[in-house]
Amino acid sequence: MRQARHRNKKTQQEIADQCGISKSMLSKIENGQSAAAVATLSKISDALSIPLSWILDNESETDLVLQPKAKRQYKVGHEDMGYSYELLAKSRFSSVEPAIVHVTPKDVNLRNEPYTHTEDEFIYILEGSIYLMYDNEKHYLEKGDTAYFKGTKPHLFVPVDNCGAKILTIFIDDAE
């Protein structure tokens, strides 16, 4: 992140202001001292004009993306955000970023504020069930169900029970 910020000749304060976060928070995220919600990371990636995957995973890029399960970074983020995720693949040549989102079980999920981000989002429920809160409407989704929506609209995955849920999520940046 820092390298991309320097390439763009931006200060931490400029990026923080553009993203609506404090300079201190941006510094902690850059230094790996603090986790951030995907929505915040998405805003940072937009401000830096880099793919979200570059922030989520810092492996080298090629035109072939192999991501063995054993080497995949598992459960990035904190459950107090309402979810954690694992990036399945990243690429400089595509605007598609797949991930697995692990929705925190109901009794420990304290998240009630929706997220927004610039990418469109496709989801496929792999395990469990959720309520998809989207643009002030509540939709029940269970294993095998799918949804496709604009990330710019407020949305949130709400667990139905204490089993949590596992969701294949594909972020699609159509700005290109």
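The paragraphs below set out a description of the structure included in this document. Since the structure is predicted, the reported quantities are computational estimates derived from the model, not experimental observations.

1. Observations regarding the environment of proline 98
Here comes step 1: Along the chain, proline 98 turns up in strand S2 (residues 96–103).
Here comes step 2: Spatially, the C-alpha atom of proline 98 lies 9.2 Å from that of phenylalanine 122, the residues being 24 residues apart in sequence.
Here comes step 3: The residues touching proline 98, leaving out its near neighbours within four places in the chain, are Leu87, Leu88, Ala89, Thr169 and Ile170.

2. What about the nonpolar core?
Here comes step 1: By size, the foremost hydrophobic cluster in this structure holds 36 residues, and its most contacted members are Leu41, Ile44, Ile123, Ile130, Leu132, Phe157 and Ile167.
Here comes step 2: In terms of residues, this core owes the most to one element, helix H4 (residues 38–48), which gives 6 residues.
Here comes step 3: Leave out the neighbours within four places in its chain, and phenylalanine 157 touches Val101, Val103, Glu121, Ile123, Ile130, Tyr131, Leu132, Phe149, Ile167 and Thr169.

3. Digging into the pairing of strand S7 (residues 165–172)
Here comes step 1: The pairing of S2 with S7 spans 8 bridges and is classified as antiparallel. Following the sheet pairing, isoleucine 100 is matched in S7 by leucine 168.
Here comes step 2: As paired elements, strand S3 (residues 120–134) and S7 share 8 bridges and run antiparallel to each other. Bridging from a neighbouring strand, isoleucine 123 pairs with threonine 169 of S7.

4. Observations concerning the packing of helix H2 (residues 12–19) against H4
Here comes step 1: Packing of H2 against H4 leaves a shortest axis separation of 9 Å and a crossing angle of 125 degrees. It follows from the interaxial angle that H2 and H4 lie oblique. At the point where H2 passes H4, the crossing takes the right-handed sense. For the pair formed by H2 and H4, the contact residues are Ile15, Gln18 and Cys19 on the first element and Lys43, Ile44, Ala47 and Leu48 on the second.
Here comes step 2: Split by residue class, the contact of H2 with H4 holds 5 nonpolar, 1 polar and 1 charged.

5. Points about the pattern of salt bridges
Here comes step 1: Per the counting criterion, the structure on display carries 3 salt bridges.
Here comes step 2: The partner of arginine 5 in a salt bridge is glutamate 30, and the shortest N-O contact between them spans 2.6 Å. Of this pair, arginine 5 sits in helix H1 (residues 2–7) while glutamate 30 sits in helix H3 (residues 23–30); the two residues are 25 residues apart in sequence, bridging distant segments of the chain.
Here comes step 3: Overall, glutamate 30 belongs to the buried group, its relative accessible area being 14%.
Here comes step 4: With a closest N to O distance of 3.3 Å, aspartate 135 and lysine 153 form a salt bridge. On the criterion of sequence distance, the pair formed by aspartate 135 in the loop between S3 and strand S4 (137–142) and lysine 153 in the loop between strand S5 (146–150) and strand S6 (155–159) is long-range, its members being 18 residues apart.
Here comes step 5: Its relative accessible area of 33% is what places aspartate 135 among the partly exposed residues.

6. A word on the environment of serine 129
Here comes step 1: Along the chain, serine 129 falls in strand S3.
Here comes step 2: Taking C-alpha positions, serine 129 is 6.3 Å from lysine 143, a pair spaced 14 residues apart along the chain.

7. Thoughts on the packing of aromatic side chains
Here comes step 1: Evaluation of the coordinates by the stated rule reveals 2 aromatic pairs.
Here comes step 2: Between tyrosine 134 and phenylalanine 149 the ring centres are 5.3 Å apart and the planes differ by 55 degrees, which places this aromatic pair in the tilted class. Residue tyrosine 134 is found in strand S3, and its partner phenylalanine 149 is found in strand S5; the two are separated by 15 residues along the sequence. With respect to class, tyrosine 134 is no different from phenylalanine 149; both count as buried.
Here comes step 3: Here lysine 138 stacks its cationic end above the ring of tyrosine 131, 4.2 Å away from the centre of that ring.

Conventions adopted
- Residues numbered from 1 in each chain as written.
- Predicted model: local features only at pLDDT ≥ 70, side-chain atom pairs only at ≥ 80, totals over all residues.
- Heavy atoms only, no water.
- Helix = DSSP H or I, 4+ residues; strand = E, 2+ residues; numbered from the N terminus.
- Contact = heavy atoms within 4.5 Å.
- Core = buried A, V, L, I, M, F, W, Y, C linked by side-chain atoms within 4.5 Å.
- Buried < 20%, exposed > 50% of the residue type's maximum accessible area, 1.4 Å probe, protein only.
- Pairing = 2+ DSSP bridges.
- Axes fitted to C-alpha atoms, helices over the stretch in contact; angles between N-to-C directions.
- Parallel < 35°, antiparallel > 145°, perpendicular 65-115°, else oblique.
- Left-handed = near helix turned anticlockwise from the far one by under 90°.
- Nonpolar A, V, L, I, M, F, W, Y, C, P; charged D, E, K, R; others polar.
- Salt bridge = Lys/Arg side-chain N within 4 Å of Asp/Glu carboxyl O.
- Phe/Tyr/Trp six-rings, centres within 6.5 Å; stacked < 30°, edge-to-face > 60°.
- Lys NZ or Arg CZ within 6 Å of the ring centre and 35° of its normal.

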